[in-house]
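# Fold and geometry: a report
Take a look at the letters that make up each chain.
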Amino acid sequence: MEAKGYTRDGTVDLHGRPVLATKTGKWKACAFLVGYEAFERMSFYGIASNLVNYLTTQLHEDTVSSVRNVNNWSGSVWMTPILGAYIADSYMGRFWTFTVSSLIYVMGMVLLTTVVSLKSLKPTCTNGVCNKASTSQISLFYVALYTIAIGAGGTKPNISTLGADQFDDFNPHEKELKESFFNWWMFSSFLGALVATLGLVYIQENLGWGLGYGIPTIGLLLSLFIFYIGTPIYRHKVRNTKSPARDMIRVPIAAFKNRKLQLPNDPSDLYEFEMQHYTSSGKRQVHHTTIFRFLDKAAIKDGNLDPSISSPCTVTQVEEAKLVLGMILIWLVTLIPSTIWAQINTLFVKQGTTLDRSLSPDFRIPAASLGSFVTLSMLISVPMYDRYFVPFMRQRTGNSRGITLLQRLGIGFLIQVIAIAVAYAVEVRRIHVIKVNHIVGPKEIVPMSIFWLLPQYVLLGIADVFNAIGLLEFFYDQSPQDMQSLGTTFFTSGIGVGNFLNSFLVTMVDKITGKDRGKSWIGNNLNASHLDYYYGFLLVISGINLGAFLWASSKYIYKKEIVDDNECCLPIEVKALDKSPLGLQV
């Protein structure tokens, strides 16, 4: 295969035929995928960045309800990829799962544009007094939103994974290109978000919500056209296991059945296929590690006491189960950072609506447009990270990525803690200005520029260059070979749970602090609330979570794969915060 110029990783075309390395994949294929990602992110952020304002100004929901509903929808968008990835890895493959899901996504966008455009589907107002939205109006709006969430479930985990599949890990040159892939993939995502937060938000508030949602709908249709143009040069991974999730579940079951057996002192005495099996099947052997030793009992050779099981689990199967457990540990400490990120499209926006947004006597900046500075800081930081920071650190650490994946996450989480500390300080300042100027009304403008919020947006943007991109790359890189679509859903589900967690926190804080007619921290009137207390609470839990992350990362052992019998492996004790290479990944 290799002598004839085919890819070494066994990738095929859409018809299952081996593909030539020179004519397929790499960045020429990714260009079409990146084009789709930019337009899709424009559509998503065109909705998400200003949804809280639509709910309060058009459907007349209160602050807590609107924040909760935005978080619940955003959480669903980021959680449904679990199902989409499972279907792709176990049944349909990435390309066809994406194809079906993208049609559902477009249907949702068309329905949403229709709902916000027709007057009969929106509440009516008379002399400045607006009626509440009817049950049918609310139902149609949320049906459209959650149709989009279902569609995103099949597109989000598979499009980025399909992009990463365009690079052959067995080709040193392509492997080097792949190390920059996720940086530039997220760059295109940020570009789409920038267009949404700068252009679409302004159009929605000044030219109409129908036009503001119609433009990204057309953009999404255009992006699908771009995606399918590239079909002949896409590479597709062959599924080596029919149901990788089922094989994963088998490991703890077998380990439990063998719990009374003694583990051998030498790991080489555990059950494993010969290297030739992996070479011929295209699957990679994973090196044994000492973490989660209790699972090793699933690979005891004489432990197969149940005649219904044909053979013990292999060391590779056990190690893949260990990888998933390790990723779950890291996933848990990403939930609080995702909760902080959820503030960008919710409380930060509502906070901005209370401030002076005038740039001239005739122009006011939409509060949600300040989110563009998150994107701008990302767009500036990604090239600097990839072109300057990585080469600089590579010379000092010997790591091809400059720093390890978990070091990258740690830096991002630290910057995020600083960002929420700045948000707390700015809110303290806003409350001080409110008291000095005796402001009490919910619609009174605080004589304080909205650009006071700028530092927290910029810091969160810089933090995302480290933790958002780092998380996507980490979960793809560390996932078992046949579960990489499902593996990337660790990234999306973390954001989803973070949104649900923020929804829960906002609801509980409002109930607890507002009971017995108390002064709620997050009331409908933010000028008479204590948002600073809530930000202070987030700051405390973020600091605690950073400590938990440092502990979890110190326990994590990176994946080490073996290509052939002559290939040596890195030491087993490769820890997250060491300045050593990440693991054998060729």
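Residues numbered from 1 in each chain as written. Predicted model: local features only at pLDDT ≥ 70, side-chain atom pairs only at ≥ 80, totals over all residues. Heavy atoms only, no water.

An unreviewed UniProt entry lists the protein under the name Major facilitator superfamily (MFS) profile domain-containing protein, with Fagus sylvatica as the source organism. The Sequence similarities (unreviewed entry) comment attached to the protein in UniProt states, word for word, "Belongs to the major facilitator superfamily. Proton-dependent oligopeptide transporter (POT/PTR) (TC 2.A.17) family." Quoted verbatim from the Subcellular location (unreviewed entry) field of UniProt, the annotation for the protein is "Membrane". (UniProt positions renumbered as here; feature names shortened; annotations may be inferred.)

Let's shift gears to the overall build of the protein. In terms of helices and strands, the protein carries 18 helices and 8 strands. Expressed as lengths along the three principal axes of its C-alpha atoms, the size of the protein is roughly 80 × 50 × 45 Å. Within the protein, contacts between residues at least 6 apart in sequence are counted, and of these 79% link residues at least 24 apart. Total accessible area on the protein stands at roughly 24200 Å², and carbon and sulfur atoms take up 64% of it. Averaging the positions of the 51 positive and the 43 negative side-chain charges in the protein gives two centres separated by 5 Å. (Helix = DSSP H or I, 4+ residues; strand = E, 2+ residues; numbered from the N terminus. Contact = heavy atoms within 4.5 Å. Areas by Shrake-Rupley, 256 points an atom, 1.4 Å probe, with all protein chains shown as cover. Lys, Arg positive; Asp, Glu negative; His and termini not counted. Charge placed at Lys NZ, Arg CZ, Asp CG, Glu CD.)

Below, the discussion takes up the packing of helix α4 (residues 81-117) against helix α8 (residues 209-229). Relative orientation of the contacting elements α4 and α8 amounts to 160°, with a least axis distance of 8 Å. The angle between the axes of α4 and α8 places the two elements in the roughly antiparallel class. The two elements α4 and α8 cross, and the hand of that crossing is left-handed. Touching Phe95, Phe98, Thr99, Ser102, Tyr105, Val106, Met109, Val110, Leu112, Thr113, Val116 and Ser117 of α4 are Trp209, Gly210, Tyr213, Gly214, Pro216, Thr217, Leu220, Leu221, Leu224, Phe227 and Tyr228, all from α8. By residue class, the composition of the contact of α4 with α8 is 16 nonpolar, 7 polar and no charged. (Axes fitted to C-alpha atoms, helices over the stretch in contact; angles between N-to-C directions. Parallel < 35°, antiparallel > 145°, perpendicular 65-115°, else oblique. Left-handed = near helix turned anticlockwise from the far one by under 90°. Nonpolar A, V, L, I, M, F, W, Y, C, P; charged D, E, K, R; others polar.)

Before going further, it helps to spend a moment on the layout of surface pockets. Counted as a void, the largest pocket has a volume near 820 Å³. Considering the residues around the largest pocket, the lining is formed by 24 residues, among which Thr56, Thr57, Lys350, Thr353 and Lys443 are closest to the centre. Of all the secondary structure elements, the ones that give two or more residues to the lining of the largest pocket are α2 (51-57), α7 (181-206) and α13 (347-353). With 3 residues, the single largest contributor to the lining of the largest pocket is α2. Grouping the constituent residues of the lining of the largest pocket by class yields 5 nonpolar, 12 polar and 7 charged. Both domains that meet at the lining of the largest pocket, namely domain 1 (1-241) and domain 3 (322-563), each give it at least three residues. (1 Å grid on protein atoms, 1.4 Å probe; cavity = no way out; pocket = protein on both sides within 12 Å on 5 of 7 lines; lining within 4 Å. Points joined across faces, edges and corners; volume = space filled by probe spheres on them. Domains from an automatic or database assignment.)

Here we take up empty space enclosed by the protein. For the structure on display, the rule yields 7 cavities of 30 Å³ or more. Quantified by volume, the largest cavity comes out at close to 440 Å³. For the lining of the largest cavity, the elements supplying multiple residues, two or more each, are α1 (26-48), α7, α12 (335-341), α14 (372-397), α15 (405-436), α16 (454-478) and α17 (484-514). Three or more residues apiece are contributed to the lining of the largest cavity by two domains, here domain 1 (1-241) and domain 3 (322-563).

For the rest of this paragraph, the subject is a nonpolar patch on the surface. Together, Tyr91, Met92, Trp96 and Val100 give the surface a local cluster of nonpolar side chains, amounting to about 420 Å² of exposed area. Along the polypeptide, Met92 turns up in helix α4. Given the relative accessible area of 38%, Met92 is considered partly exposed. (Patch = residues over 30% accessible without salt bridge, like charges linked within 9 Å, V, L, I, M, F, W, Y side chains within 5 Å. Salt bridge = Lys/Arg side-chain N within 4 Å of Asp/Glu carboxyl O. Buried < 20%, exposed > 50% of the residue type's maximum accessible area, 1.4 Å probe, protein only.)

With the rule as written, the count across this model stands at 17 salt bridges. Ionic pairing is found between Lys26 and Glu174, a salt bridge with its closest N-O pair at 4.0 Å. Taken together, the residues span a long stretch of sequence, with Lys26 in helix α1 and Glu174 in helix α6 (residues 172-178) at a distance of 148 residues. Neither Lys26 nor Glu174 differs from the other in exposure class; each is buried. Measuring nitrogen to oxygen at the nearest pair gives 3.4 Å for the salt bridge that ties Arg284 to Asp169. Pair noted here: Arg284 is in the loop between α10 (275-281) and β3 (285-286) and Asp169 is in the loop between α5 (135-164) and α6, with a separation of 115 residues, a long-range link. Using a relative accessible area of 9% as the deciding quantity, one classes Arg284 as buried. Judged by relative accessible area, Asp169 falls into the buried class, the value being 7%. Through salt bridges that share partners, Arg293, Asp296, Glu319 and Lys322 make up one connected network.

Enumeration according to the criterion identifies 41 aromatic pairs in this entry. Each ring, one from Phe348 and one from Tyr457, has its centre 5.5 Å from the other, and the planes form 65°; the classification is edge-to-face. With Phe348 in helix α13 and Tyr457 in helix α16, this residue pair connects regions lying 109 residues apart in the sequence. Summarising the burial analysis for this pair, Phe348 and Tyr457 share the class buried. A centroid spacing of 5.3 Å and a plane angle of 25° characterise the contact between Phe475 and Phe490, whose relative ring orientation is stacked. (Phe/Tyr/Trp six-rings, centres within 6.5 Å; stacked < 30°, edge-to-face > 60°.)

Turning our eyes to something else, we now look at the domain arrangement of the protein. Parsing the protein into structural domains produces domain 1 (1-241), domain 2 (251-320) and domain 3 (322-563). Listed per partner, the contact involves 56 residues of domain 1 and 56 residues of domain 3. Of the roughly 4800 Å² buried between domain 1 and domain 3, counting both surfaces, carbon and sulfur atoms make up 65%. Put simply, domain 1 and domain 3 have 0 salt bridges between them. Applying the counting rule to domain 1 against domain 3 returns 11 residue pairs in polar contact (both at pLDDT 80 or more). Those elements giving two or more residues to the side of domain 1 that touches domain 3 turn out to be α1, α2, α3 (63-79), α4, α5 and α7. The element contributing the most residues to the side of domain 1 that touches domain 3 is α7, with 15 residues. Residues of the side of domain 1 that touches domain 3, tallied by class, amount to 28 nonpolar, 18 polar and 10 charged. (Buried area = accessible area lost by both parts, 1.4 Å probe. Polar contact = N/O pair within 3.5 Å; in protein donor to acceptor, adjacent residues only side chain to side chain.)

With their axes 7 Å apart at the nearest point, α3 and α5 run at an angle of 30° to one another. If you check the angle between α3 and α5, you find them roughly parallel. Along the contact surface, α3 presents Asn69, Asn72, Trp73, Ser76, Val77 and Trp78, while α5 presents Tyr142, Leu145, Tyr146, Ile148, Ala149, Ala152 and Lys156. Grouping the amino acids of the contact of α3 with α5 by side-chain chemistry returns 9 nonpolar, 3 polar and 1 charged.

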